[in-house]
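Results of the structural survey
The chain contents come next:
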Amino acid sequence: MGMSLAFHIVFAAIGISLPVLMVISEALYLRTGRPVFLELAKRWSRGAAILFAVGAVSGTVLSFELGLLWPGFHGKSGAIIGMPFSLEGFAFFMEAIFLGLYLMGWKRLSPLVHWFCGVLVILGGVASGIFVVTANAWMNTPAGFKIVDGKITDIDPIAAMLNPAAAHEVLHMTLAAFIATGFAVAAILRFSFYAIAEMLFIATHWASRSRSPASVLPCKLISGDFSARSVARLQPAKLAAMEALYQTQTGAPWRLGGIPDDQSRTTRYALDIRAASVFW
């Protein structure tokens, strides 16, 4: 299942953010009438369609694995976190339907309606990712239920979906999808000789309006700090494990590398960098 997740997350991230580039390109075409933007929108729409199909298949594999490999867990937690999975299904079909209309409607729909179908593809993809991440967040900070005499009672699906870890996980993952896909697309087009002339124009246009993937990085830094502080507050033991620290301490070092040794409760060969030494 770890391999399935590692494979699927690539296509999930692309499915969230690649349609944004597609819709922006078409919007620029509608505004300026330049054929370069129409060509880019069509190229990205074809790529989005292929990658969406692969992501849908790999996601189906994961849904089967959840039931086959974790039947006991789902038997008890299904009533609690079933709602975000159901809503993810609605968002997925919304994305699929409007992506189909977008791909087949270049000459069948009015330009504005066609562009709006692309906007709905974005909303469906982002919503789909958000709902899945809230379910993952619940596994980190369970909420929305009580256990009485060993039985789960007083289930509140809304409270379960809006659990304490949901905000920082949703924010960080959504930004990560946009940044990763933005730089991946830029890297691919950087080495496409046919696209150089197109990208010279569109890169200038984007840079003048600060729409490059790098413009999202400050938000990513803030969300990363928000996530780290939330983990320190909600799951201090997990944060210690992430940083290979066996003892709680004030002003913990930034630990690079190393091999954790549970017997001696130390991390061998690690390079510890203290905050004081960084800012000295």
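Above this text sits the structure in question.
Every value quoted in this text rests on a predicted model; they were computed, and no experiment measured them.

What follows deals with the nonpolar core. The nonpolar side chains of a soluble globular protein tend to be buried, and buried together. Counting 22 residues, the largest nonpolar core has Leu18 and Trp44 as the members making the most contacts within it. Of all elements in the fold, only α1 (2-32), α2 (35-69), α4 (111-140) and α6 (166-190) reach the threshold of two or more residues within this core. Here this core takes 9 residues from α1, the largest share from any one element.

What follows covers the side chain of Asn140. Tracing the chain through its elements places Asn140 in helix α4. At 3.1 Å, the side chain of Asn140 and the side chain of Glu169 are in polar contact. Those residues in contact with Asn140 that lie beyond four places of it in its chain are Glu169, Gln235 and Lys238.

Here the focus is α1. The terminal C-alpha atoms of α1 lie 46 Å apart, and with 31 residues this matches the ideal 45 Å at 1.5 Å per residue to within 8%. At Gly15, α1 shows its maximal kink, close to 35°; a proline, Pro19, follows between one and four residues later. Looking one or two residues past α1, Gly33 carries a phi angle of roughly 75°, positive in sign.

Unusually for a residue other than glycine, Ala244 sits at a positive phi of about 55°. For Ala244, the position within the fold is in the loop between α9 (236-242) and β3 (254-256). For Ala244, a relative accessible area of 18% translates into the label buried. Residue Tyr269 is not a glycine yet carries a positive backbone phi of 60°. With respect to the secondary-structure elements, Tyr269 resides in the loop between β5 (266-268) and β6 (271-273).

Conventions and cut-offs
- Residues numbered from 1 in each chain as written.
- Predicted model: local features only at pLDDT ≥ 70, side-chain atom pairs only at ≥ 80, totals over all residues.
- Heavy atoms only, no water.
- Core = buried A, V, L, I, M, F, W, Y, C linked by side-chain atoms within 4.5 Å.
- Buried < 20%, exposed > 50% of the residue type's maximum accessible area, 1.4 Å probe, protein only.
- Helix = DSSP H or I, 4+ residues; strand = E, 2+ residues; numbered from the N terminus.
- Polar contact = N/O pair within 3.5 Å; in protein donor to acceptor, adjacent residues only side chain to side chain.
- Contact = heavy atoms within 4.5 Å.
- Expected span 1.5 Å × (residues − 1).
- Bend = angle between axes of the 7 residues up to and from the residue.

Read these as spatial facts, not as claims about activity.
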